[in-house]
Amino acid sequence: MNRLEVNIMFSLKSPYHVSADRVSFGVDKAICLDPRDNRIFIPATSLKGIIRHNLESTLNHKNKKSCIAPKPENMCNECNICKFFGSPKNKALLLFEDARVEETELSSRMGVAIERRRKTAKEDHLFSYEIGFGKRFSTKIRGFFSKDNDAITACVLLYIGAKLGFALGAGKSRGLGWVNIEDFNTFINGKEIFIDEINKKTMELLQ
Ligand SMILES: [Zn+2]
């Protein structure tokens with residue numbers, strides 16, 4: 001068995017909002033908080049979805065075979081993305097953890113609900129939403145593979161997906177939540193794989 005461990009650190013360029021089913025006094029839309037320590041976090045499923053989406057757009061753009069999640073009928077079950085990130089027929093080989101933030105700051109902003117059909121602001125639909133800010137998020141992704149080559153391929157796919165950066169949460173149009181990769185650390189069977197090698201493999205895969 002080949003064991004892959006990838007540690008990624010993201011920096012947050014602006015505050016963000018991801019809604020939670022939590023009631024926060026005086027705010028209409030509360031942010032996702034870890035109940036254990038009240039810190040903001042990015043749920044593993046959201047992070048995985050974002051990385052997969054980035055990867056799919058990059059590979060499709062390069063005309064590499066790729067399919068589009070999450071609709072089962074649009075997923076091929078055969079490509080590397082389906083293999084490592086999972087599909088209706090494959091259990092994912094990569095395990096994502098929630099991304100944790102170093103320090104949490106919370107505040108609130110006001111927003112206006114838009115009537116979709118008329119594209120105008122609904123009357124009396126001004127709402128407040130909570131935003132969070134933390135300079136850095138970090139997460140760990142793990143995988144176990146029977147083939148050597150699968151561990152490095154999975155790592156390269158994660159690198160491509162994470163490197164693109166992304167906007168987090170519901171506030172994209174309000175300019176909230178831009179995230180960039182700060183650090184990408186990989187170990188295969190406990191041995192560090194350096195970024196030069198990952199870059200080289202990335203070029204090979206995208207060629
Ligand atoms: Zn596929």
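Figured I'd write up the structure that's included with this text. Since the structure is predicted, the reported quantities are computational estimates derived from the model, not experimental observations.

## Considerations on the overall build of the protein
Part 1 of the argument: Regarding its fold elements, the protein presents four helices and ten strands.
Part 2 of the argument: Here the protein, with 207 residues, has 43% of them falling under the buried criterion.
Part 3 of the argument: Pairs at least 24 apart in sequence give 70% of the contacts found in the protein among residues at least 6 apart.
Part 4 of the argument: Carbon and sulfur atoms provide 50% of the accessible area of the protein, an area that totals close to 12000 Å².

## Details of helix 1 (residues 44-61)
Residues spaced three or four apart along an α-helix point in a common direction, a consequence of the helix completing one turn every 3.6 residues.
Part 1 of the argument: The first and last C-alpha atoms of helix 1 sit 26 Å apart over 18 residues, in line with the 26 Å expected at 1.5 Å per residue.
Part 2 of the argument: Among the residues of helix 1, A44, L47, I50, I51, R52, N54, L55, E56, T58 and L59 are the ones counted as buried.
Part 3 of the argument: Count one or two residues on from helix 1 and you reach N63, which has phi positive near 60°.

## Considerations on the packing of helix 1 against helix 3 (residues 148-163)
Part 1 of the argument: In contact at an axis separation of 7 Å, helix 1 and helix 3 are set at 95° when each is read in the N-to-C sense. The pairing of helix 1 with helix 3 is recorded here as roughly perpendicular in orientation. Here helix 1 contributes I51, N54, L55, T58 and L59 to the contact with helix 3, which in turn contributes L157, L158, I160, G161 and A162.
Part 2 of the argument: Among the residues forming the contact of helix 1 with helix 3, the class breakdown is seven nonpolar, three polar and no charged.

## A short note on the packing of aromatic side chains
Part 1 of the argument: Under the criterion given, the structure shown has three aromatic pairs.
Part 2 of the argument: Aromatic pair Y159 and F184: ring centres 4.9 Å apart, planes at 70°, arrangement edge-to-face. Taken as a pair, Y159 in helix 3 and F184 in strand 9 (residues 178-188) lie far apart in primary sequence, 25 residues in all.
Part 3 of the argument: Residue Y159 is classed as buried on the basis of its relative accessible area of 7%.

## A look at the environment of E102
Part 1 of the argument: Looking at the secondary structure, you find E102 in the loop between strand 4 (99-101) and strand 5 (105-115).
Part 2 of the argument: E102 sits 33 residues away from K135 along the chain, and the two C-alpha atoms are 7.1 Å apart.
Part 3 of the argument: E102 has contacts with M9, R39 and R136, leaving out every residue within four places of it along the chain.

## Description of helix 3
Part 1 of the argument: In this model helix 3 runs 23 Å from its N-terminal to its C-terminal C-alpha over 16 residues, within 8% of the 22 Å that 1.5 Å per residue would give.
Part 2 of the argument: At the exit of helix 3 stands G165, carrying a positive phi of roughly 75°.

## Comments concerning the nonpolar core
Part 1 of the argument: In this structure, L4, F85, L94, F96 and L158 are the most contacted members of the largest nonpolar core, which totals 45 residues.
Part 2 of the argument: If one sorts the elements of this core by residue count, helix 3 sits on top with ten residues.
Part 3 of the argument: The residues touching L4, leaving out its near neighbours within four places in the chain, are L94, I141, R142, G143, F145, A151, A154, C155, T186, F187 and I188.

## With respect to the side chain of T202
Part 1 of the argument: Within the fold, T202 resides in helix 4 (residues 195-206).
Part 2 of the argument: Those residues within four positions of T202 in sequence are excluded, and the remaining contacts are V156, Y159 and I160.

Conventions we followed
- Residues numbered from 1 in each chain as written.
- Predicted model: local features only at pLDDT ≥ 70, side-chain atom pairs only at ≥ 80, totals over all residues.
- Heavy atoms only, no water.
- Helix = DSSP H or I, 4+ residues; strand = E, 2+ residues; numbered from the N terminus.
- Buried < 20%, exposed > 50% of the residue type's maximum accessible area, 1.4 Å probe, protein only.
- Contact = heavy atoms within 4.5 Å.
- Areas by Shrake-Rupley, 256 points an atom, 1.4 Å probe, with all protein chains shown as cover.
- Expected span 1.5 Å × (residues − 1).
- Axes fitted to C-alpha atoms, helices over the stretch in contact; angles between N-to-C directions.
- Parallel < 35°, antiparallel > 145°, perpendicular 65-115°, else oblique.
- Nonpolar A, V, L, I, M, F, W, Y, C, P; charged D, E, K, R; others polar.
- Phe/Tyr/Trp six-rings, centres within 6.5 Å; stacked < 30°, edge-to-face > 60°.
- Core = buried A, V, L, I, M, F, W, Y, C linked by side-chain atoms within 4.5 Å.

Scope: geometric values only; no functional claims are made or implied.
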